[in-house]
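For reference, the chains in residue letters:
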Amino acid sequence: MDIINNECKDWDVIRLTPEKDRYNIYSRHLKDKFGGKVYKLPVNLPGTCPNRDGSAGTGGCIFCDKAGSGFQCLPNTLSVQKQIEENREYFKKRFNAQKFIIYFQAFTNTYMPFTVFRENILSACSADVVGISVSTRPDCINDRYLDFLNEIKKEKGLAIDLELGLQTVNYHTLRKINRGHTLAEFIDAVIRIHRRGLEVCAHLIVNLPWDDLHDVVENAKVLSALGVRYVKLHSLYVVENTILGDMYKRGEFAVMPLESYVQSVVLFLEHLDPRIVVQRLVGKGPAEDLLFSNWGTSWWKVKQMIEESLEERNTRQGRRFDYLNGSALLRGGFPEY
Ligand code: SF4
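Figured I'd write up the structure that's included with this text. Just so it is clear, the structure is predicted and the values come from calculations on it, not from any experiment. (Residues numbered from 1 in each chain as written. Predicted model: local features only at pLDDT ≥ 70, side-chain atom pairs only at ≥ 80, totals over all residues.)

## Focus on the pairing of strand β6 (residues 230–234)
The criterion, for reference: Exposure classes come from backbone-placed C-beta atoms, where a residue is buried if 20 or more other C-beta atoms lie within 10 Å of its own, exposed if 12 or fewer do, and partly exposed in between. Segments assigned H or I by DSSP are reported as helices when at least four residues long, segments assigned E as strands when at least two residues long, and all are numbered from the N terminus. A pair of strands is labelled paired if DSSP reports no fewer than 2 bridges between them. Every crossover in which the path from the first strand over the helix to the second runs clockwise, viewed with the strands pointing away from the viewer, is termed right-handed.
β6 sits mainly inside the fold: 4 of its 5 residues count as buried. Note: strand β5 (residues 199–205) against β6, 5 bridges, orientation parallel. Opposite A202, over in β6, you have V231 as the bridge partner. Of the crossover connections in this fold, the one passing from β5 over helix α7 (residues 213–226) to the parallel β6 is right-handed. Pairing of β6 with strand β8 (residues 277–280) involves 3 bridges; the strand directions are parallel. When the sheet's bridge partners are listed, K232 is paired in β8 with R280.

Structural data, given as structure tokens:
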């Protein structure tokens, strides 16, 4: 099956990175797709992950705190409806927001009984909701859940994506960070999600200390070859009371300098298919218990540095997207980074 030409008909509305943009910016994509500004409303459900509860390991990912990466959400003791209502009111008042994507953010949102999952998704559907984004793990993608999402997509006319935590394509690093799955599960999940006409957002940490620039490039190449719709980049943050936090305090690894992060993201973008929409260039760490986050500066400053670097180098997303469709026949040698 040609994954690019899959059932995802919406792919056709994706345009190449516009000339004036150095990369395919998410906010612009949302405006094009939905005809106006769209805001994401996060929902935080109580939950766990198979690499926490013993099914695929214990302890969770070595960087993950007790909130399961849901630190920007409302408390998970509130119902789905209540969280949506409160967040909706906030965005309406502050930004005059009219259209929303409901974002199931924390933990593994398909790692629960089907009836609970179904109820959560149905609670998210209302007239001003144009899409649903479900954050989960590649090893928790079950066809029954995908079939249901596909039905909802057709019935309600929603854009639905599964946000898959991958972090890196380097399966040795995946072991090191205790993900509890390998690259193969990610590939399998993407193929099955695409077969259902749903979209994929891949989540990556570009500066994992055990990856080098070849891994950064391979991340871009694998996502491009699989034809995912969105990518979300994170910089590594280090939090107290995590395995990574303990390693950091013992001096077992060093976080790469900020300039190297900027260089890595630029290299990643250059190799990324220009049709893939970039949701984020850098992440935010939690407000509390931080040992390291974004080199002591703000996330928007890091984003600005990446954008300036793209300008200075006069480069853009997809400039080195020249490796698919047998292009090795046309190109001499294998590049070093
Ligand atoms: S899968 Fe996600 S929520 Fe679960 S331990 Fe890893 S990063 Fe945390």
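## Digging into the sheet that holds strand β1 (residues 38–43)
Rule in force here: Between N-to-C directions, angles cover 0 to 180 degrees, with each direction set by a line fitted to C-alpha atoms, over the stretch in contact for helices. Each residue is represented by a C-beta atom placed from its backbone, and any two residues with such atoms within 7 Å are regarded as in contact.
In spatial order, the strands read β1-β2-β3-β4-β5-β6-β8; together these 7 strands make up an open sheet with parallel pairing. With one partner strand each, in any of the chains shown, β1 and β8 form the two edges of the open sheet. Strand after strand, the sheet turns through a mean of 25° between neighbouring axes, direction not considered. Most of the contacts of helix α1 (residues 26–34) go to β8, to which it runs at about 120°, and overall it touches β1, β2 (99–104), β3 (129–136) and β8.

## Details of helix α10 (residues 299–312)
As a reminder of what qualifies: The span you would expect from a helix comes to 1.5 Å times its residue count less one. Starting at the helix axis, one direction is taken to each C-beta atom, and the arc is that of these directions.
With 14 residues, α10 ought to run about 20 Å at 1.5 Å a step, and its terminal C-alpha atoms sit 20 Å apart, in line with that. Within α10 the residues assigned to the buried category are V302, I306 and L310. An end-on view of α10 places all buried positions within 85° of arc, on one side of the element. Turned more than 90 degrees away from the buried face of α10 sit W300, K301, E308, E311 and E312, all of them exposed.

## Here's the deal with the nonpolar core
We apply this condition: Note on terminology: a nonpolar core is a set of buried residues of type Ala, Val, Leu, Ile, Met, Phe, Trp, Tyr or Cys, with members joined through C-beta atoms within 7 Å.
I102, A202, V231 and V265 are the most contacted members of the largest nonpolar core, which has 79 residues in total. Residue contributions to this core peak at 6 residues, all from helix α9 (residues 258–271). Not counting residues within four places of it along the chain, the set of residues in contact with I102 comprises L41, V43, I84, A124, V129 and I132.

## Points about the packing of helix α3 (residues 114–124) against helix α4 (residues 143–156)
The line we're drawing: The cut-offs work like this: below 35 degrees is roughly parallel, past 145 is roughly antiparallel, 65 to 115 is roughly perpendicular, and the gaps in between are oblique. By convention the crossing between two helices is left-handed if the near helix lies anticlockwise of the far one by an angle smaller than a right angle, and right-handed if it lies clockwise. When residues are sorted by character, Ala, Val, Leu, Ile, Met, Phe, Trp, Tyr, Cys and Pro go into the nonpolar class, Asp, Glu, Lys and Arg into the charged class, and all the rest, Gly among them, into the polar class.
As a packed pair, α3 and α4 sit with axes 11 Å apart at the nearest point and diverge in direction by 20°. With respect to their mutual orientation, α3 and α4 come out roughly parallel. Here the hand of the crossing between α3 and α4 comes out right-handed. Of the residues in α4, those in contact with F114, F117, R118 and I121 of α3 are R144, Y145, F148 and I152. Per-class residue counts for the contact of α3 with α4 are 6 nonpolar, no polar and 2 charged.

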